[in-house]
Amino acid sequence: MQALLEKYLPNVVSDPQIFVDATIQTIYMTFWAAIFGGGLGLILGVILVVTRPGGLYENKTLFWILDKFVNLIRSIPFIILLALLAVITQFIVGTTIGAKAALVPLVATVIPFFARQVETALLEVDPGLIEAAQAMGLSRLGIICRVYLREGLVGIVRVSALTMISLIGLTAMAGAVGAGGLGDLAISQGYNRFENDVTFVATLLILILVFLSQFISNLIIKKISHQ
Amino acid sequence: MIELKNISVTFNENEKDEVDAVKNVNLTIEDGTIFGIVGYSGAGKSTLVRVINLLQRPTKGTILVDGCDLTKLAEKQLRQKRKDIGMIFQHFNLLEARTIGENVAFPLKYQGITKEKQQAKVKELLKLVGLTDKINVYPSQLSGGQKQRVAIARALASDPKILLCDEATSALDPKTTGQILKLLQKLNRKLNLTIILITHEMQVVKEICQKTAVMLNGQIVEKGEVLQVFNEPKTELTKKFIATAFRQEDILHKVIENSSLSPDETLVELSYTGKVTNEPLLADLYQRFEIKANILYGNIEYLQQVPVGKLIVSLVGSKKKISESLAYLNSKGVKVKLLNTSD
Ligand SMILES: Nc1ncnc2c1ncn2[C@@H]1O[C@H](COP(=O)(O)OP(=O)(O)OP(=O)(O)O)[C@@H](O)[C@H]1O
Ligand SMILES: [Mg+2]
């Protein structure tokens, strides 16, 4: 067994610790970007739903601005956003290099991405339910919390998994600013030094993370869905 | 009392696609009445009924509920007032992520009502609509009729005096429609609930309403006591609606429902077409088999000039004689359907 591993995965066996470190870095970036970006994206998504024409807090100007803003950020490729946000990153975290620095562009990308997904999920909530809640005398805030977010929860969990998976992909690119992580490992060591076995194992670990996200979200959906 | 005064609703005002959904409607609905508003699709019924709880603000006019002008209320007061006006819908609008019990408790939450009181109220309401055993079930596991019962229970949670029903039975089959209408009637009597019922089926109006209004293109073209409107309809539209309300099937159901059979009686439906209608079949039954036939319902319709008869009779006699007589009728070309045997 040992001999087999040494034959096919020589670079992996010689230094397995780098995979542990890289996995932790990837999880670190994904986790914090998901927390900040997900939270702010959720709020932005709700605002998009309620300010649109016919919404609870209809506001054509605000909706127009936010809608265009989301489209704009979503149009910028992540790798360019990394460079573009360098100044802001420097200001916020004090450096433009490393996993922490990568969080700023990651969050900036996740917010509009997730907001759009949340918007779509919440628009799926039957308008009849909103009407029924209004007829019962619920406040608008009550309708957001008790109807939109609750009835749209399955949709939100579903798009959260999607966002998480995109995020894992984005962290790989963040390697470009020396953020570390599995993507960085695959490029800087596996690709640049022709250590194909490193690339292979890094890919495998990323796939495991992706499947894990999907698996957990499916579990949650199964638990909360009553269709 | 609900008073709608000069209500008009215009959508997309001053734009190309302007729609006058409701035009200058005046309507007074007294407490404790079941008021039916009928009209074809697009007549403006939903828009009008949504004006009553101000889900739809009228472009013109005032709404007085017990003398209180709703259009003058601030948002918070309006929300409070809406608790006095329950509403149910064609597609039930239950919260799918919540159980039946949670759905009914929904309007009671965050109102400063204790958990115990909420639970007691939920149980009481579910009992009222006959769904006590479904308290922990999710809406997706219920039939349409059951869902509407839950919606009714939920609408009654805040003890409203008025219940608005927008096509509440339109997604249900005739039998379930009948059950829901009976329930509404019961609530009207028991709680003195004022019910405003929107429908495109005159049948529904005929069944439970005391007063009615007929809507066409945003206007009310006829209104009054149901009896009076049915006896002397003034407009063609009303006549058309009334014609749809007299469907034979429903009379049949009533007959079957209301017949109380003694143990030696058998209820059968006899259908026959063409020349058989000329023969004295029932007299034959007595002479040949000593079976007494009691006619509960009879009808002849002409379908493409051929008479098609239908009789519902209860037959009195011994089991053996009855089955012989039914065989005899069959041989004469009469279709026999057993409706209800005494055992
Ligand atoms: N929000 C809206 N914006 C624009 N037009 C509307 C709106 N709601 C209703 N309308 C129009 O107003 C008219 C009346 O609609 P309403 O829904 O009140 O009819 P209805 O009698 O309830 O019909 P149905 O039996 O199909 O429910 C229709 O022409 C409809 O297209
Ligand atoms: Mg309607």
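Residues numbered from 1 in each chain as written. Chains lettered and ligands numbered in written order. Predicted model: local features only at pLDDT ≥ 70, side-chain atom pairs only at ≥ 80, totals over all residues. Heavy atoms only, no water.

What about the overall build of chain A?
- A count of helical and extended segments in chain A gives 12 helices and 0 strands.
- In chain A, the succession of helices and strands from N to C terminus is α-α-α-α-α-α-α-α-α-α-α-α.
- Along the three orthogonal principal directions, the C-alpha set of chain A runs to about 70 × 45 × 25 Å.
- Relative to its 227 residues, chain A shows a buried fraction of 46%.
- Contacts in chain A between residues far apart in sequence, at least 24 positions, make up 73% of those at least 6 positions apart. (Helix = DSSP H or I, 4+ residues; strand = E, 2+ residues; numbered from the N terminus. Buried < 20%, exposed > 50% of the residue type's maximum accessible area, 1.4 Å probe, protein only. Contact = heavy atoms within 4.5 Å.)

Side note on the sheet that holds strand β8 (residues 194-199) of chain B
Residues and elements named next belong to chain B.
- With mixed pairing, 6 strands are arranged side by side in an open sheet as β6-β7-β8-β3-β9-β10. Of all strands in the sheet, those with a lone pairing partner are β6 (85-88) and β10 (219-225), marking the two edges. The mean angle between the axes of side-by-side strands here comes to 15 degrees, regardless of whether they run parallel or antiparallel.
- Sheet topology note: the strand β3 (residues 34-39)/strand β9 (residues 211-216) ladder contains 5 bridges and is parallel. Opposite valine 38, over in β9, you have valine 214 as the bridge partner.
- Most of the contacts of helix α1 (residues 45-52) go to β8, to which it runs at about 160 degrees, and overall it touches β3, β6, β7 (162-166), β8 and β9. (Pairing = 2+ DSSP bridges. Axes fitted to C-alpha atoms, helices over the stretch in contact; angles between N-to-C directions.)

Concerning the interface of chain B and chain A
- Each partner contributes to the interface: chain B provides 23 residues, whereas chain A provides 18 residues.
- Around 2,000 Å² of area is buried between chain B and chain A when both sides are counted, 52% of it from carbon and sulfur atoms.
- Among the ionic pairs, B:Arg50 bridges to A:Glu131, the shortest N-O distance being 2.9 Å.
- Summed over the shared surface of chain B and chain A, the number is 11 residue pairs in polar contact (both at pLDDT 80 or more).
- Secondary-structure elements contributing two or more residues to the side of chain B that touches chain A are α2 (75-82) and β6 of chain B.
- Of the residues contributing to the side of chain B that touches chain A, the split by class is 11 nonpolar, 3 polar and 9 charged. (Buried area = accessible area lost by both parts, 1.4 Å probe. Salt bridge = Lys/Arg side-chain N within 4 Å of Asp/Glu carboxyl O. Polar contact = N/O pair within 3.5 Å; in protein donor to acceptor, adjacent residues only side chain to side chain. Nonpolar A, V, L, I, M, F, W, Y, C, P; charged D, E, K, R; others polar.)

Structural notes on the site of ligand 1
All names here are of chain B.
- In the vicinity of ligand 1, the residues found are Phe11, Val19, Ala21, Tyr40, Ser41, Gly42, Ala43, Gly44, Lys45, Ser46, Thr47 and Glu167.
- A distance of 2.5 Å is found between an oxygen atom of ligand 1 and a side-chain nitrogen or oxygen belonging to threonine 47.
- Note that an oxygen atom of ligand 1 is positioned 3.3 Å from one of the side-chain N or O atoms of glutamate 167.
- Compared with its free state, where it exposes 630 Å², ligand 1 has 60% of that area covered by protein.
- The dominant element in the shell around ligand 1, judged by the number of residues it contributes, is α1, at 3 residues.
- A class-by-class count of the residues in the shell around ligand 1 yields 5 nonpolar, 5 polar and 2 charged. (Near = heavy atom within 4 Å. Areas by Shrake-Rupley, 256 points an atom, 1.4 Å probe, with all protein chains shown as cover.)

Details of the pairing of strand β1 (residues 2-11) of chain B
Residue and element names in this part refer to chain B.
- With 7 of 10 residues buried, β1 lies mostly within the body of the structure.
- Relative to strand β4 (residues 60-65), β1 runs antiparallel, the two being bridged by 5 bridges. Residue leucine 4 lies in a different strand from β4, and its bridge partner there is isoleucine 63.
- As paired strands, β1 and strand β2 (residues 19-29) are joined by 7 bridges and run antiparallel to one another.

Observations regarding the confidence of the model for chain B
- For chain B, the average pLDDT comes to 88, and 93% of its residues sit at 70 or higher.
- As a predicted assembly, this complex carries a pTM of 0.80 together with an ipTM value of 0.87. (pLDDT = per-residue confidence, 0-100.)

Quick notes on helix α9 (residues 140-151) of chain A
- Within α9(A), burial applies to A:Gly142, A:Ile143, A:Ile144, A:Arg146, A:Val147, A:Tyr148 and A:Glu151.
- As for α9(A), its buried residues are in contact with α3 (17-51), α7 (99-123), α8 (127-135) and α10 (153-173) of chain A.

Things to note about the sheet that holds β2(B)
Residue and element names in this part refer to chain B.
- One open sheet accounts for 4 strands, arranged β2-β1-β4-β5; its pairing is antiparallel. In this open sheet, the two edge strands, each paired with only one partner strand, are β2 and β5 (68-69).
- The sheet contacts of α1 involve β1, β2 and β4, and relative to β1 the element is tilted by about 125 degrees.

Quick look at the packing of aromatic side chains
Residues and elements named next belong to chain B.
- One pass over the structure, following the stated rule, counts 4 aromatic pairs over all chains.
- Ring centres of tyrosine 40 and phenylalanine 241 lie 4.8 Å apart, and the angle between their planes is 35 degrees; this geometry places the pair in the tilted category. Remark: phenylalanine 241 occurs in helix α9 (residues 236-245) and tyrosine 40 occurs in the loop between β3 and α1; sequence separation between them is 201 residues.
- Ring centres of phenylalanine 289 and tyrosine 328 lie 5.7 Å apart, and the angle between their planes is 55 degrees; this geometry places the pair in the tilted category. Residue phenylalanine 289 is found in helix α11 (residues 281-289), and its partner tyrosine 328 is found in helix α12 (residues 319-331); the two are separated by 39 residues along the sequence. Take phenylalanine 289 and tyrosine 328: they sit in the same class, and that class is buried. (Phe/Tyr/Trp six-rings, centres within 6.5 Å; stacked < 30°, edge-to-face > 60°.)

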